[in-house]
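Remarks on the overall topology
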Amino acid sequence: MNQKDCPPLLAVKHLGVAFETDQGQVLAVDDVSFELTSGQVLGIAGESGCGKSVTALSLMRLLPKPVSKIKEGEILFKGQNLLDLSTDALGKIRGKKISMIFQEPMTALNPVHTVGRQIVESYSLHSPGMGEKEKIRASSQMLAKVGIPDARQVMKKYPHQLSGGMRQRVMIGMALACEPDILIADEPTTALDVTVQAQIMDLIFQFRDKTGMAVILITHDLGLIAENCDRVVIMYAGTVAESASVTTLFRNPFHPYTKKLLQSIPSRAQTAKEPLPTIPGNVPALSEMPAGCRFAKRCEHAYTPCEKHLPRLISVSSDHFAACHLAHSGGKKSNFNK
Ligand SMILES: Nc1ncnc2c1ncn2[C@@H]1O[C@H](COP(=O)(O)OP(=O)(O)OP(=O)(O)O)[C@@H](O)[C@H]1O
Ligand SMILES: [Mg+2]
């Protein structure tokens, strides 16, 4: 089979996720689509609340119940729709084929079991044939790799006996121990100091090189994406604003929101006193989403159609997609006839 005939490792198609709130049902993620191939590193970026974590949790089917619901779409893992799987079938994929590093480590750690028991369990899941001693040795080696000194002692402790940074590293160690096909890393290093951040990112990418694991890296840090990712999805207010290869997106951004985001990255030439440009205005609340483009109120290029119609994601050049009326009209406002 040539590569074009192979399904991507992961294809998210038109994902829509709703929450029940006091204001009624709101769509936190709306028509989100992207693909991932083996070994690829995909960055997902966008302002706080734009739906990055909700998208990630949907992939693992870990959304909070009963307040949330996947309303539409497909999540195809090796061609199989995860949304059709029974809990048992999903259990064979979650934590083994697809692992996740959460923003908050206690989400993944069990407070009543020692760190050692939990990481050994990760090896049991991935390599049932491994002997007990071997699993303990591999666990302590993994903890050492994620920068935990005196790993054997740490294995005897409970999560609450560790600092936040240590807990984060334990969770990362557990996620990597399963040698997943896909690692979803949701702000994996936010809680860690800068030198440890770099170590952890290096470790994740060494694993990628060794095992061919694909990575979804969710971060506010566009610098991290520029340095480490192959592709990038920019989200805005629950939708995909733009997606492209990292080179294309950083050299030739299309969406006005992406352009503004890129301007807000500190450059080396910037002096400490120079304020970074910010994007005036706010993201609309989920309960007050406009009918038109969600970025229109903050966009200096907005014109009549932007207020009226929600732009869909369309191709603007080879392998480069944007949800902007300027894309629909070939980049010219006057060509838009709706
Ligand atoms: N349990 C919930 N009930 C209601 N709304 C929720 C719930 N969880 C998330 N949301 C809403 O869904 C939207 C997307 O949230 P999400 O956590 O995915 O944002 P994010 O992009 O990950 O932000 P951040 O960068 O701050 O982590 C937000 O408006 C959030 O308030
Ligand atoms: Mg988040």
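Since this is a predicted model, take the numbers as computed values, not measurements.

1. Overview of the confidence of the model for the chain
Chain-level pLDDT for the chain is 90 on average; 92% of the residues reach the 70-or-more range. Of the regions scoring below 50 in pLDDT, residues 334–338 engages in 7 contacts with residues more than four places distant in sequence or in other chains.

2. Let's talk about the site of ligand 1
Taken together, 14 residues form the shell around ligand 1, and within it Ser-48, Gly-49, Lys-52, Ser-53 and Val-54 come nearest. Within the side chain of Lys-52, an N or O atom sits 2.8 Å from an oxygen atom of ligand 1. Against a free-state accessible area of 640 Å², the protein chains account for coverage of 68% of ligand 1. When residues in the shell around ligand 1 are grouped by element, the largest group, 3 residues, is from helix α1 (residues 52–59).

3. Section: the sheet that holds strand β10 (residues 239–245)
Sheet architecture is open: 8 strands sit in the order β6-β7-β8-β3-β9-β10-β12-β11, paired in mixed fashion. The open sheet terminates on both sides in strands that have one partner only, identified here as β6 (98–101) and β11 (314–317). Mean inter-strand twist for the sheet, computed between neighbouring axes without regard to direction, equals 20°. Here strand β7 (residues 182–186) pairs with strand β8 (residues 214–218) via 5 bridges, running parallel. Bridge assignment links Ile-182 to a residue of β8, and that residue is Ala-214. Lying on the sheet, helix α6 (residues 164–177) is in contact with β6 and β7; it crosses β6 at an angle near 170°. Packing of helix α10 (residues 256–263) onto the sheet brings it into contact with β9 (231–236) and β10, and relative to β9 it is tilted by some 105°.

4. Let's talk about the packing of aromatic side chains
Evaluated as defined, the whole model comprises 3 aromatic pairs. The ring of Phe-207 is capped by Lys-210, whose NZ or CZ atom sits 5.1 Å from the centre of that ring.

5. Let's talk about the pattern of salt bridges
The final tally for this structure, using the stated rule, is 9 salt bridges. With a closest N to O distance of 2.9 Å, Arg-294 and Asp-30 form a salt bridge. With Arg-294 in the loop between α10 and α11 (304–308) and Asp-30 in strand β2 (residues 24–36), this pair connects stretches of sequence that are 264 residues apart. Residue class for Asp-30 comes out buried when judged on its relative accessible area of 9%. Among the ionic contacts, a cluster of salt bridges with common partners joins Arg-208, Asp-209 and Asp-230.

6. Overview of the environment of Leu-76
Note on placement: Leu-76 falls in strand β4 (residues 68–77). Taking the relative accessible area as the measure of exposure, Leu-76 reaches 15% and is therefore buried. Distance in space between the C-alpha atoms of Leu-76 and Pro-7 is 8.9 Å, their sequence separation being 69 residues. Every residue in contact with Leu-76, bar those within four places of it in the chain, is listed here: Leu-9, Leu-10, Ala-11, Lys-13 and Asn-81.

7. Looking at the sheet that holds β4
Overall, antiparallel pairing links the 4 strands, which are arranged β2-β1-β4-β5 in an open sheet. Only two strands of the sheet have a single partner each, and these edge strands are β2 and β5 (80–81). Examined bridge by bridge, strand β1 (residues 10–21) and β4 share 8 bridges and lie antiparallel to one another. The residue bridging Phe-19 from the neighbouring strand is Ser-68, located in β4. α1 contacts β1, β2 and β4 of the sheet and is inclined by roughly 115° relative to β1.

8. Section: the packing of helix α3 (residues 115–126) against α6
At a minimum axis distance of 8 Å, the contact between α3 and α6 shows a crossing angle of 15°. With respect to α6, the element α3 is oriented roughly parallel. The chirality of how α3 crosses α6 is right-handed. Across the interface between the two elements, Val-115, Gln-118, Ile-119, Ser-122, Tyr-123 and His-126 from α3 touch Val-170, Gly-173, Met-174 and Ala-177 from α6. For the contact of α3 with α6, the residue count by class is 6 nonpolar, 4 polar and no charged.

What counts, and where the lines are drawn
- Residues numbered from 1 in each chain as written.
- Chains lettered and ligands numbered in written order.
- Predicted model: local features only at pLDDT ≥ 70, side-chain atom pairs only at ≥ 80, totals over all residues.
- Heavy atoms only, no water.
- pLDDT = per-residue confidence, 0-100.
- Contact = heavy atoms within 4.5 Å.
- Near = heavy atom within 4 Å.
- Polar contact = N/O pair within 3.5 Å; in protein donor to acceptor, adjacent residues only side chain to side chain.
- Areas by Shrake-Rupley, 256 points an atom, 1.4 Å probe, with all protein chains shown as cover.
- Helix = DSSP H or I, 4+ residues; strand = E, 2+ residues; numbered from the N terminus.
- Pairing = 2+ DSSP bridges.
- Axes fitted to C-alpha atoms, helices over the stretch in contact; angles between N-to-C directions.
- Phe/Tyr/Trp six-rings, centres within 6.5 Å; stacked < 30°, edge-to-face > 60°.
- Lys NZ or Arg CZ within 6 Å of the ring centre and 35° of its normal.
- Salt bridge = Lys/Arg side-chain N within 4 Å of Asp/Glu carboxyl O.
- Buried < 20%, exposed > 50% of the residue type's maximum accessible area, 1.4 Å probe, protein only.
- Parallel < 35°, antiparallel > 145°, perpendicular 65-115°, else oblique.
- Left-handed = near helix turned anticlockwise from the far one by under 90°.
- Nonpolar A, V, L, I, M, F, W, Y, C, P; charged D, E, K, R; others polar.

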